[in-house]
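What follows is each chain in one-letter form.
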Amino acid sequence: MLLWIESYLSDYKENNSKDDKKYEPWSTVNAKINYYYGISQNQETKVYILVFDDEYSDYYCEKCGNKYDIKQNKWCKPCRMKNFTNRSSGDKEIDDFIQEEQLKFGYNTVFEWIPYNEFIEIKELEKDFTAIWKNDPLCYNANNEKLIRESYKIVYLKYLYNSSDAIDGFLNMVESLLNNGRCYGISQNPNTKIYILVFDEWYSYYCCIDCGIKYEDIMTKWCKPCQINYLKDNFTNWTSGNEKIDEFIQKMQLKNNCYDDKIFEWIPFYKFIEINEK
């Protein structure tokens, strides 16, 4: 950093004569924050120099010159992305998908391909698994101002059992699940060839283990999409005998918005007992 003796020109400064207005240097005391002033050149090295305000480094990355995405932590997204891992899944479309997700990287965790052999102490749950990830997620550390890993983190392994289907359908399914929890990346069981989404350990507390959608009510673990699918699958198991009445009942069933809502249904008359006339 240097001290500029004459300072910079900014608009004009009035002389004593009202009719004589011209541009003159302002003092650095009265200077407004302005990030660039001009170009200079080192006479010895002949290297050209861009001259910025002394607060330039508070707002712009010293390495690439881009404005910090998060000024407080001097976090520069383009520079951080250069440090992303270049692991390959072995499938170009999946690799392209992962790279696209990495371009969305914010001040959080890097989405990546995770080799299955990095998981240890894998424990089976009702439908999925938990494990310890030896290498841990790649996250931005504000104190060190760089991407780091902290080893041995518990993660939730959500198996995508339909991942043997067409790759486009598989990737659409992955994308639909990414916003339902903190997802670290994709892996694959080498024995079953089933792909896996790797979430943080709390995934099963706020997301349905059947469909992966966030619970409407976390305390009761009530999943509206799963209940609707159950009701739809059950449509063929009952009928009033009247098509329009059936359609009305089905429409009413799909309006449920809470775990304790009563389900509107067709009730066969023979299920009533002790019928009393009033």
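Cut-offs and rules
In this convention, every chain numbers its residues from 1, walking through the sequence in written order. Per-residue local features of the predicted model are confined to residues with pLDDT of at least 70, and side-chain atom pairs are confined, for both listing and counting, to 80 or more; whole-chain, interface and lining totals are unaffected and use all residues. Side-chain measures here rest on the full set of heavy atoms in the structure, leaving out hydrogens and waters. Numbering of helices and strands starts at the N terminus; helices are DSSP runs of H or I of at least 4 residues and strands are runs of E of at least 2. To sort residues, take the accessible area from a 1.4 Å probe on protein chains only and compare it with the maximum for the residue type: under 20% means buried, over 50% means exposed, and anything in between is partly exposed. Computed with the Shrake-Rupley method and a 1.4 Å probe, the accessible areas treat only the protein chains shown as cover for residues. Here, expected helix span is obtained from the residue count minus one, scaled by 1.5 Å. This arc is built from the directions going out from the helix axis to the C-beta atoms. Two residues qualify as a contact provided that any one of their heavy atoms is within 4.5 Å of a heavy atom in the partner residue. Within this document, salt bridges are pairs made up of a side-chain nitrogen of Lys or Arg and a carboxyl oxygen of Asp or Glu, the two lying within 4 Å of each other. Each aromatic pair joins two rings of Phe, Tyr and Trp (for Trp, the six-membered one) with centres within 6.5 Å, and gets the label stacked for planes under 30 degrees apart, edge-to-face for over 60, and tilted for any other angle.

Caption draft 1: Layout of the overall build of the protein. Of the regular secondary structure elements, the protein holds seven helices and twelve strands. In the protein, which comprises 278 residues, the share counted as buried stands at 33%. Of the roughly 19300 Å² of accessible surface on the protein, a fraction of 49% belongs to carbon and sulfur atoms.

Caption draft 2: Seen up close, unusual backbone geometry. Although it is not a glycine, Glu 121 adopts a positive phi angle of roughly 50°. Following the sequence through the fold, Glu 121 ends up in strand β6 (residues 119-124). The phi dihedral of Glu 274 is positive, around 50°, even though this residue is not glycine. Glu 274 sits in the exposed class, given a relative accessible area of 70%.

Caption draft 3: The arrangement of helix α4 (residues 167-178) in detail. Over its twelve residues, α4 runs 17 Å from end to end, which matches the ideal 16 Å to within 8%, given 1.5 Å per residue. Among the residues of α4, Ile 167, Phe 170, Leu 171, Val 174, Leu 177 and Leu 178 are the ones counted as buried. Along α4, the residues classed as buried sweep out an arc of 125° about the axis, all on the same side. Check the buried side of α4 and you find it contacts α3 (92-103), β10 (153-160), β11 (183-188) and β12 (195-200).

Caption draft 4: Seen up close, helix α6 (residues 224-233). Taken residue by residue, α6 has Lys 224, Gln 227, Ile 228 and Leu 231 as its buried positions. For α6, the arc enclosing every buried residue in end-on projection is 100°, short of the 170-degree limit, so these residues lie on one face. Opposite the buried face of α6, at more than 90 degrees from it, the exposed residues are Tyr 230 and Asp 233. Those residues of α6 hidden inside the fold are in contact with α7 (243-253).

Caption draft 5: Inspection of the pattern of salt bridges at higher detail. Tallying each qualifying case throughout the model produces two salt bridges. Across the salt bridge formed by Lys 92 and Asp 96, the nearest N and O atoms sit 2.8 Å from each other. Here Asp 96 and Lys 92 lie together in helix α3, a separation of four residues that amounts to about one turn. On the basis of relative accessible area, Lys 92 is assigned to the exposed category, the value being 61%. With a shortest N-O distance of 3.9 Å, Lys 158 and Asp 128 are connected by a salt bridge. With a gap of 30 residues between them, Lys 158 in strand β10 and Asp 128 in the loop between β6 and β7 (129-133) connect regions that are remote in the sequence.

Caption draft 6: Geometry of the packing of aromatic side chains. Scanning all chains against the criterion turns up 13 aromatic pairs. Between Phe 199 and Tyr 203, the ring centres sit 4.1 Å apart and the planes meet at 25°, which makes this aromatic pair stacked. For Tyr 203, a relative accessible area of 0% corresponds to the buried category. Look at Phe 248 and Phe 264: their rings are 6.0 Å apart centre to centre, the planes differ by 85°, and that puts the pair in the edge-to-face class. On the criterion of sequence distance, the pair formed by Phe 248 in helix α7 and Phe 264 in the segment after α7 is long-range, its members being 16 residues apart. The class for Phe 264 is partly exposed, based on a relative accessible area of 38%. Taken together, the ring pairs connect Tyr 116, Phe 119, Trp 133 and Tyr 184 into an aromatic cluster.

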